Amino acid sequence: MHFKIDVRLDPTLGCGQAHRWRKQPDDSWQGVIGKDVLTLYQTPDGFDCEGCTDMAAVRSYFRAEDNLPAIIREISVADPQIAALSAACPGLRLLRQPEWECLATYVLATNVNVKRIAKMVESVCDHFGTDLGARRAFPTPRQILDGGSCIGECRLGFREGRFMELAQRIDSGDFNIRSPERLPYEELTARLQDLKGVGPKVADCVALFGYGRLEAFPVDVRIADEMKKRYGVTGNYQKIAAVGRERFGRYAGYAQEFLYHSGSIGAQ
DNA sequence: GGGTACCCTCTCGG
DNA sequence: ACCGAGAGGGTAC
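Residues numbered from 1 in each chain as written. Chains lettered and ligands numbered in written order. Predicted model: local features only at pLDDT ≥ 70, side-chain atom pairs only at ≥ 80, totals over all residues. Heavy atoms only, no water.

Undergrad: Looking at this structure, how should I read unusual backbone geometry?
TA: A negative phi holds for most residues other than glycine; trans holds for most peptide bonds. Here Arg63, not a glycine, exhibits a phi torsion of approximately 50 degrees, which is positive. By the element assignment, Arg63 lies in the loop between helix H2 (55-61) and helix H3 (68-76). Its relative accessible area of 6% is what places Arg63 among the buried residues. One non-glycine residue, Asn111, lies in the positive phi region at around 55 degrees. Along the polypeptide, Asn111 turns up in the loop between helix H5 (99-107) and helix H6 (114-128). Of the residues examined, Asn111 reaches a relative accessible area of 71% and is grouped as exposed. (Helix = DSSP H or I, 4+ residues; strand = E, 2+ residues; numbered from the N terminus. Buried < 20%, exposed > 50% of the residue type's maximum accessible area, 1.4 Å probe, protein only.)

Here you go:
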């Protein structure tokens, strides 16, 4: 199945916003969207996809409705640095990840390097997720609770308790994963931070990658470093994140991705 | 509001 | 080669 989307798979799937994509020896990308194990092959105007049974789900995942050139134009017009970075990294798109999967994976993404995040996520899938053949689905809260006795094998460290409590609160309905969908940004991130293991940074990541709040501007150590080097912005989390949102506006999340990616190639 | 400990794994310098 | 120290998408206390 062919998808005509303005996207480059390497920066989009390899930049660390989602953690289940693997680059194959033949340069294709394998990952899981819903119940499909997909293999994606880059083409000039998009990608070919093997294993897809739900075209709409894939288009949604890649935020096909986002007009990338228009977005880049908007965040570049008042900022030469973003203009240069986005020009140097064409086809980098934000993804729309399932809310639960996004929340659960970013709770694991504290005080570890990106490589190990992917390892923990894959371990959780391998232990609890539905078998889809080559890979397993991201487990539901119920699946995690049912198999909870072997959670130790996933080697989540001090994140284990937070992860299990999260599964418990979602499964019991104590926290309805869909109820914050219509909340404004500020209320959404505040609500998410009621959960153990969710601080301001994780809340922003979930708001951006899970709930599609493109105005969110997550600040990790790398972004903090870039904001200091490029704009002289320092301070606590709230300060730096607020500057990012104010400076880049409704598409601050895209600006954040370009800044983050620039760190990985040591550019500019 | 600022300072620390935190499970565990991988990496690096001796 | 083998080992110990350090760092790693932050958060809770």
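So, next bit.
Undergrad: Is there a simple way to explain the protein's contact with DNA strand C in this structure?
TA: With respect to spatial proximity, 25 residues lie near DNA strand C, and among them Gly16, Gly197, Gly199, Asp220 and Tyr260 are the closest. Within the backbone of Gly197, one N or O atom sits 2.6 Å away from a phosphate oxygen of DNA strand C. Contact distances for DNA strand C include 3.2 Å between a base nitrogen and a side-chain N or O atom of Lys201. Counting residues per element, the ones that place at least two in the surface near DNA strand C are H6 and helix H10 (200-210). (Near = heavy atom within 4 Å. Polar contact = N/O pair within 3.5 Å; in protein donor to acceptor, adjacent residues only side chain to side chain.)

Undergrad: Just checking my understanding: could you explain the pattern of salt bridges for this structure?
TA: Where charged atoms from two side chains of opposite charge approach closely, those side chains can pair. For the structure on display, the rule yields 19 salt bridges. Linking Glu122 and Arg20 is a salt bridge whose minimum nitrogen-to-oxygen distance equals 3.0 Å. In this pair, Glu122 sits in helix H6 while Arg20 sits in the loop between helix H1 (9-14) and strand E2 (22-23), placing the two residues 102 residues apart along the sequence. You can call Glu122 buried: its relative accessible area is 9%. (Salt bridge = Lys/Arg side-chain N within 4 Å of Asp/Glu carboxyl O.)

Undergrad: Would you mind showing me how to read the protein's contact with DNA strand B here?
TA: Within the structure, DNA strand B sits among Asn111, Lys115, Arg116, Lys119, Arg155, Leu156, Gly157, Phe158 and Arg159. Restricting attention to atoms of DNA strand B within 4 Å of the protein, one finds that 67% of them are sugar or phosphate atoms. Within the side chain of Lys115, one N or O atom sits 2.9 Å away from a phosphate oxygen of DNA strand B. One nitrogen or oxygen atom from the side chain of Lys119 is found 2.4 Å from a phosphate oxygen belonging to DNA strand B. Top element by residues in the surface near DNA strand B is H6. It accounts for three residues.

Undergrad: Even after reading the chapter, I still don't get the packing of aromatic side chains, so can you show me in this structure?
TA: Each aromatic ring pair is summarised here by two numbers: the centre-to-centre distance and the angle between the ring planes. Going through the model one piece at a time under the given rule, you end up with eight aromatic pairs. On the numbers, 5.7 Å between centres and 70 degrees between planes, the contact of Tyr61 with Phe62 is edge-to-face. A single burial state applies to Tyr61 and to Phe62, both of which are buried. Note on Tyr106 and Phe209: the rings are 5.7 Å apart at their centroids and 25 degrees apart in plane angle, and the pair reads as stacked. One end of the pair, Tyr106, is in helix H5; the other, Phe209, is in helix H10, and 103 residues separate them in sequence. Taken as a pair, Tyr106 and Phe209 share a single burial class, namely buried. Note that Arg159 overlies the ring of Phe158, its terminal NZ or CZ placed 4.3 Å from the centroid. Here the basic side chain of Arg222 rests over the ring of Tyr260, its NZ or CZ set 4.0 Å away from the ring centre. (Phe/Tyr/Trp six-rings, centres within 6.5 Å; stacked < 30°, edge-to-face > 60°. Lys NZ or Arg CZ within 6 Å of the ring centre and 35° of its normal.)

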